[in-house]
Amino acid sequence: MTVPPPIVEAHGVRLRPFRADDIADLVDGCADPLSQRFVSTMPSPYTEVDARSWVKAGAPAVWAGGGAAYAIADPATDRLLGATGLSNPMPARSQADIGYWLRPAARGRGLAVAATRALSEHAFDTGTRRLELHTEPENAASQRVALAAGFRYEGLRRSAGQDRNGRRYDLLTWVRLAEDPPGPTPRLLPDLPDGMLTDQVVALRRLAPQDAEMMYGLHSRSEVVANQAPPVPPTRESIERRCRLAESAWLTGDIARLLIVDVATGEPAGSCGLSYTEVTSGEGSIGYALLPRWRGHGYATRAVRLLAAWAFGPAGLARLTAGTVPENTASHRVLERVGFQREGLQRGRLPGLAGTRLDDLTFALLPADLG
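Residues numbered from 1 in each chain as written. Predicted model: local features only at pLDDT ≥ 70, side-chain atom pairs only at ≥ 80, totals over all residues. Heavy atoms only, no water.

Caption draft 1: Representation of the sheet that holds strand β2 (residues 13-16) in the model. The eight strands are arranged β1-β2-β3-β4-β5-β6-β8-β7 in an open sheet whose pairing can be described as mixed. The open sheet terminates on both sides in strands that have one partner only, identified here as β1 (8-10) and β7 (152-162). Between one strand axis and the next, the sheet turns by 30° as a mean value, whatever way the strands run. When β1 meets β2, the two strands line up antiparallel, connected through three bridges. Residue glutamate 9 lies in a different strand from β2, and its bridge partner there is arginine 14. Across the sheet, helix α3 (residues 48-64) is in contact with β3 (68-73) and β4 (80-90); its angle to β3 comes to roughly 125°. (Pairing = 2+ DSSP bridges. Helix = DSSP H or I, 4+ residues; strand = E, 2+ residues; numbered from the N terminus. Axes fitted to C-alpha atoms, helices over the stretch in contact; angles between N-to-C directions. Contact = heavy atoms within 4.5 Å.)

Quick look at the structure:
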């Protein structure tokens, strides 16, 4: 006699086996464009036939193979809200992958986090020691779920995913161990308060996909290219990818990329960024660039001051640096107005063109220096 999988109730959700009366809700969730985009194992188009096959054969096969296939159900009504499960079980390593999807009407209510936490805790209670959660780099919503459920970013797996058309793509790996503390994973780069920083003249917000055209125009300008290392213009594709992955890069702690906006008109004025150069010592580095029409009005100074205050405050950095080419006197004046001090010239530190090397004039700012 087959023992039915245990029902798990925790964090406001019920995890139970799939049933025949889930068919309509399965089609609603699995045929949705967002589910189709990020869950490549789903048939496309997804039909009632696929749903019946999953309930009758697919889910039981997952259980028989040592995994788990749970419906996420509303504890009050028992109606299906989505699904979560364990795949690729490795008993010898006490390891498995975890994943989920939600019906459109169930999104935005914290249910993915609740279900991921509930299944993770159940898996740890029954012998699993390590869980991996994989997300596409552009799927920032799932990355936020991973962080909120206590998973830590572990790295990029190149070409680890494959869609239904055979296209290979990268995956980000998020990991939670049985001994990890409960609760959300602390982030190196927290979200901006209310989504922006502002002094009522300029505002900074996270870079977004729709900013690609402006960013390409800005960073292709000859004077902007000349002040970067190496001084090579970016491709449009690289800028578009930078904008698409800006939220993901922020969540993984790689870099906070921001758009500088004129508050009065709402027009973009430039961009800036902050990244950690040394996490253990709390040191970060900043960079910035403005479109020509906004130069000479103090916008760069305002933006750098806002970014520095956020870095020393919510982001918790203890020291900021900015590297410049020695000839970029306009940038030096901006840094000095904010409170940065010159620390030294590093000869030949940066790559130039055709095998040449560029000097780097370094400025640094401490919290007490910020005007």
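There is more to say after this.
Caption draft 2: Seen up close, the pattern of salt bridges. Here the structure, examined in full by the defined rule, presents 30 salt bridges. Arginine 205 is the partner of aspartate 211 in a salt bridge, and the nearest nitrogen-oxygen pair spans 2.9 Å. The structure contains a network of salt bridges with shared partners spanning Glu9, Arg14, Arg16, Arg19, Asp21, Asp22 and Asp78. (Salt bridge = Lys/Arg side-chain N within 4 Å of Asp/Glu carboxyl O.)

Caption draft 3: Spatial organisation of the nonpolar core. Counting residues in each nonpolar core, the largest one holds 50 residues, and the members touching the most others are Leu204, Leu274, Ile286, Trp310, Leu320 and Phe340. The element that contributes the greatest number of residues to this core is helix α10 (residues 299-312), accounting for 10 residues. In this view, tryptophan 310 contacts Leu189, Pro190, Asp191, Leu192, Pro193, Leu197, Trp250, Ala256, Leu274 and Ala315; residues no more than four positions away in its chain are not counted. Judged by nonpolar contacts, the second largest core, of 33 residues, contains Ala68, Leu86, Ala96 and Leu172. (Core = buried A, V, L, I, M, F, W, Y, C linked by side-chain atoms within 4.5 Å. Buried < 20%, exposed > 50% of the residue type's maximum accessible area, 1.4 Å probe, protein only.)

Caption draft 4: The environment of phenylalanine 340, seen in detail. Looking at where phenylalanine 340 falls in the secondary structure, it is placed in the loop between α11 (329-338) and β15 (341-351). Those residues in contact with phenylalanine 340, other than ones at most four positions away along the chain, are Ile286, Val304, Leu320, Thr321, Ala322, Leu335, Phe363, Ala364 and Leu365.

Caption draft 5: Spatial organisation of the state of the cysteines. For the structure shown, the criterion picks out zero disulfides. The thiol sulfur of cysteine 243 is not disulfide-bonded, and the nearest other cysteine sulfur, from cysteine 272, lies at 13 Å. (Disulfide = S-S within 2.5 Å.)

Caption draft 6: How the structure looks around the packing of helix α1 (residues 23-30) against α3. Running from amino to carboxyl end, α1 crosses α3 at an angle of 115°, the nearest separation of the two axes being 9 Å. Taken as a pair, α1 and α3 cross one another with a handedness that is right-handed. Along the contact surface, α1 presents Ile23, Leu26 and Val27, while α3 presents Glu48, Ala51, Arg52, Trp54 and Val55. Tallied by class, the residues present in the contact of α1 with α3 amount to six nonpolar, no polar and two charged. (Left-handed = near helix turned anticlockwise from the far one by under 90°. Nonpolar A, V, L, I, M, F, W, Y, C, P; charged D, E, K, R; others polar.)

Caption draft 7: Spatial organisation of the environment of arginine 333. Within the element layout of this structure, arginine 333 appears in helix α11. In this structure arginine 333 comes out as partly exposed when scored by relative accessible area, which is 45%. Spatially, the C-alpha atom of arginine 333 lies 8.8 Å from that of threonine 301, the residues being 32 residues apart in sequence.

Caption draft 8: Looking closely at unusual backbone geometry. Backbone torsion omega between serine 44 and proline 45 reads 0°, so that peptide bond is classified as cis. With respect to the helices and strands, proline 45 occurs in the loop between α2 (33-38) and α3. Note the cis peptide between alanine 229 and proline 230, where omega equals -10°. Structurally, proline 230 can be placed in the loop between α7 (222-225) and α8 (236-244). For asparagine 88, which is not a glycine, the phi torsion comes out positive at approximately 50°. Locating asparagine 88 in the fold gives a position in strand β4. One non-glycine residue, serine 94, lies in positive phi territory at about 55°. Looking at where serine 94 falls in the secondary structure, it is placed in the loop between β4 and β5 (95-102).

Caption draft 9: Just the sheet that holds strand β13 (residues 283-290), in detail. Taken in spatial order, the eight strands make up an open sheet running β9-β10-β11-β12-β13-β14-β16-β15, and their pairing is mixed. The sheet is open, and its two edges are formed by β9 (196-198) and β15, each paired on a single side. The sheet shows a mean angle of 30° between the axes of neighbouring strands, taken without regard to direction. Pairing geometry for β13 and strand β14 (residues 319-324), over three bridges, is parallel. Its bridge partner being in β14, glutamate 283 is matched across the sheet by arginine 319. Where α11 meets the sheet, it contacts β13, β14, β15 and β16 (357-365), and its direction lies at approximately 20° from that of β16.

Caption draft 10: Geometry of the pairing of β3. Of all six residues making up β3, six are buried, and the element is well covered by its neighbours. In this structure, β2 lies alongside β3, joined through three bridges in antiparallel fashion. By the bridge assignment, arginine 16 is partnered in β3 with alanine 71. Where β3 and β4 come together, six bridges link them in antiparallel fashion.

The values are spatial; any link to function lies outside them.
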